[in-house]
Amino acid sequence: MEQEKHEKKQNKGAFGTVRAVCTSTHKGTEKKPVKEGALFRAAHGIEGDAHAGNWHRQVSLLSYDKVQEFNARGGDAKDGAFGENLLVEGIDFGALPVGSILSCGDVTLRITQIGKECHTHCAIYHRVGDCIMPREGVFAEVLTGGRICPGDKMEVAPPAPDAPFSAAVVVMSDKGAAGEREDLSGPEAARILKEAGFEVIEQFVIPDEPELIKKELIRLSDQRQASLIITSGGTGMSMRDQTPEATLAVCDRIVPGIAEAIRAGSMQITKRAMLSRGVSAMRGRTLIVNLPGSPKAVAESLELILPVLGHGLSLVRGTDGECARS
């Protein structure tokens, strides 16, 4: 999987040189180099850039070396052609895990996403039929601001071992996605996770469509590299309930004990818990846990499993030891 590839190649402690700083006033267009550099604002992005704002993709970065390889195949891409803000020589950004820290003078960035999906394709794709940004580019948020200019040095540091675990909450509901019903399960799950110390990076509602569920689980696992994905809904016996099947289709390892514990605990509250088909499994280093669709069931389920999940996620991260008796 993509996430495993990134982890095997990550270049800790790497240094690079900024070759170009690029901005644009409109999204979906090629960016233009700014010779005198640009001002980076904390929690915002680059002053005057179309992609700046209160979200996780404030700054885009691309390896200059990858662009050179692309041009060697006849790409003829100029600086900023892929929509990148920072073009940096000497760092393979696609090999770094989410959470990596990039330092450049006074500016500190944190990688929040690896790669992206192109919905309409950028200008260079329409011109030459290929774009390396979706597979080689990364996105970051600005932690501390300052100015970055061409020629500045950039240093890479690995994610902090004690950083909070990241979590995403996805609710499967046809009526909720259509705006016909207020989603209460998602906010409840997000609240409980935040109180437990998780960083909730995304929370949204989608219809009970298997292909869409699989697509979002893959994106959150591979591009956002969430430690935990909590799903709510789609675990019953209705013919539209396809969350367990979609989850297993994108995972490579099952963790059956979590789903079993939820059902066993919930059986003490209602015998209908035996009808839940929720599963728990892993895609790469991301744990995906299916929960029922009601706020009450979400709260009860998380209360059952959260005290133990921290140990499991620490094992995945490599910051906790295996349990064994001497």
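Residues numbered from 1 in each chain as written. Predicted model: local features only at pLDDT ≥ 70, side-chain atom pairs only at ≥ 80, totals over all residues. Heavy atoms only, no water.

Focus on the overall build of the protein chain
Then comes step 1: Secondary structure summary: the protein chain contains ten helices and 17 strands in total.
Then comes step 2: Taken against the 2.2 N^0.38 rule, which gives 20 Å for 326 residues, the C-alpha radius of gyration of the protein chain at 21 Å falls within 12% of a compact globule.
Then comes step 3: Principal-axis analysis of the C-alpha atoms places the extent of the protein chain at approximately 65 × 55 × 35 Å.
Then comes step 4: For the protein chain, with 326 residues in total, the buried portion stands at 49%.
Then comes step 5: Here the protein chain has roughly 15,400 Å² of accessible surface; of this, 53% comes from carbon and sulfur atoms.
Then comes step 6: Taken as two groups, the 39 positive and 43 negative side-chain charges of the protein chain have centres that lie 1 Å from each other. (Helix = DSSP H or I, 4+ residues; strand = E, 2+ residues; numbered from the N terminus. Rg over C-alpha atoms; globule rule 2.2 N^0.38 Å. Buried < 20%, exposed > 50% of the residue type's maximum accessible area, 1.4 Å probe, protein only. Areas by Shrake-Rupley, 256 points an atom, 1.4 Å probe, with all protein chains shown as cover. Lys, Arg positive; Asp, Glu negative; His and termini not counted. Charge placed at Lys NZ, Arg CZ, Asp CG, Glu CD.)

Describing the nonpolar core
Then comes step 1: Membership of the largest hydrophobic core comes to 25 residues, with the highest contact counts inside it found for Phe40, Leu61, Leu86, Phe93, Leu102, Leu109 and Met154.
Then comes step 2: Listed by contribution, the elements that provide at least two residues to this core are β1 (15-23), β3 (38-41), β5 (59-63), β6 (86-89), β7 (101-104), β8 (107-114), β9 (138-144) and β11 (153-157).
Then comes step 3: If near-sequence neighbours (up to four positions away) are discounted, Leu86 is found in contact with Val18, Ala20, Val21, Phe40, Val59, Ser60, Leu61, Leu62, Leu109, Ile148 and Met154.
Then comes step 4: With 24 residues, the next largest nonpolar core counts Ala167, Val169, Ile192 and Phe198 among its residues. (Core = buried A, V, L, I, M, F, W, Y, C linked by side-chain atoms within 4.5 Å. Contact = heavy atoms within 4.5 Å.)

Considering the side chain of Ser24
Then comes step 1: With respect to the element layout, Ser24 can be found in the loop between β1 and β2 (32-33).
Then comes step 2: Take Ser24: its relative accessible area is 6%, and that puts it in the buried class.
Then comes step 3: Here the side chain of Ser24 touches His26 through a polar contact of 3.2 Å, landing on its backbone oxygen.
Then comes step 4: Polar side-chain contacts of Ser24 include one of 2.9 Å to the side chain of Lys31.
Then comes step 5: Aside from chain neighbours lying at most four places away, what touches Ser24 is Thr29, Glu30, Lys31, Gly48, Asp49 and Ala50. (Polar contact = N/O pair within 3.5 Å; in protein donor to acceptor, adjacent residues only side chain to side chain.)

Things to note about the sheet that holds strand β17 (residues 286-291)
Strands pair in a sheet through their backbones, by hydrogen bonds, and they do so in one of two ways: parallel or antiparallel.
Then comes step 1: Across the sheet, which stays open at both edges, the six strands sit in the order β13-β12-β14-β17-β16-β15 with mixed pairing between neighbours. Of all strands in the sheet, those with a lone pairing partner are β13 (199-206) and β15 (253-254), marking the two edges.
Then comes step 2: Alignment of strand β12 (residues 166-172) against β13, held across seven bridges, turns out to be parallel. If you follow Val170 over to β13, its bridge partner there is Phe204.
Then comes step 3: Strand contacts of helix α7 (residues 210-222): β12, β13, β14 (228-232), β16 (280-283) and β17, with the helix running at about 170° to β13, the strand carrying the most contacts. (Pairing = 2+ DSSP bridges. Axes fitted to C-alpha atoms, helices over the stretch in contact; angles between N-to-C directions.)

Overview of α7
Then comes step 1: Taking 1.5 Å of rise per residue, the 13 residues of α7 would be expected to cover 18 Å, and the 18 Å separating its terminal C-alpha atoms lies within 8% of that figure.
Then comes step 2: Here α7 has its buried residues at Ile213, Glu216, Leu217, Arg219, Leu220, Ser221 and Asp222. (Expected span 1.5 Å × (residues − 1).)

Some words on the packing of helix α9 (residues 256-267) against helix α10 (residues 295-317)
Then comes step 1: As a packed pair, α9 and α10 sit with axes 9 Å apart at the nearest point and diverge in direction by 140°. As summarised for this structure, α9 and α10 are arranged oblique, according to the angle between their axes. For the pair α9 and α10, the crossing hand works out as right-handed. For the pair α9 and α10, contact is made by Ile258, Ala261, Ile262, Gly265 and Ser266 and by Ser301, Leu304, Ile305 and Leu309, respectively. (Parallel < 35°, antiparallel > 145°, perpendicular 65-115°, else oblique. Left-handed = near helix turned anticlockwise from the far one by under 90°.)

Topic: the pattern of salt bridges
Then comes step 1: Taken as a whole and judged by the stated rule, the model has 17 salt bridges.
Then comes step 2: Notably, a salt bridge pairs Lys296 with Glu300, separated by 2.4 Å at the nearest N-O pair. Of this pair, Lys296 and Glu300 both sit in helix α10, four residues apart, which is roughly one turn of that helix.
Then comes step 3: Residues participating in the shared-partner salt-bridge network are Glu202, Glu216, Arg219 and Arg224. (Salt bridge = Lys/Arg side-chain N within 4 Å of Asp/Glu carboxyl O.)

Describing helix α8 (residues 243-250)
Then comes step 1: Of all the positions in α8, only Thr243, Pro244, Ala246, Thr247 and Val250 are classed as buried. For α8, the buried positions fall inside an angular range of 165° around the axis, keeping them on one side. (Arc of directions from axis to C-beta.)

A closer look at the sheet that holds strand β4 (residues 45-46)
Then comes step 1: Across the sheet, three strands lie side by side as β4-β3-β10; this open sheet has antiparallel pairing. For this open sheet the edge positions go to β4 and β10 (146-148), each flanked by a neighbour on one side alone.
Then comes step 2: Where β3 and β4 come together, two bridges link them in antiparallel fashion. Pairing of Arg41 across the sheet is with Gly45, part of β4.

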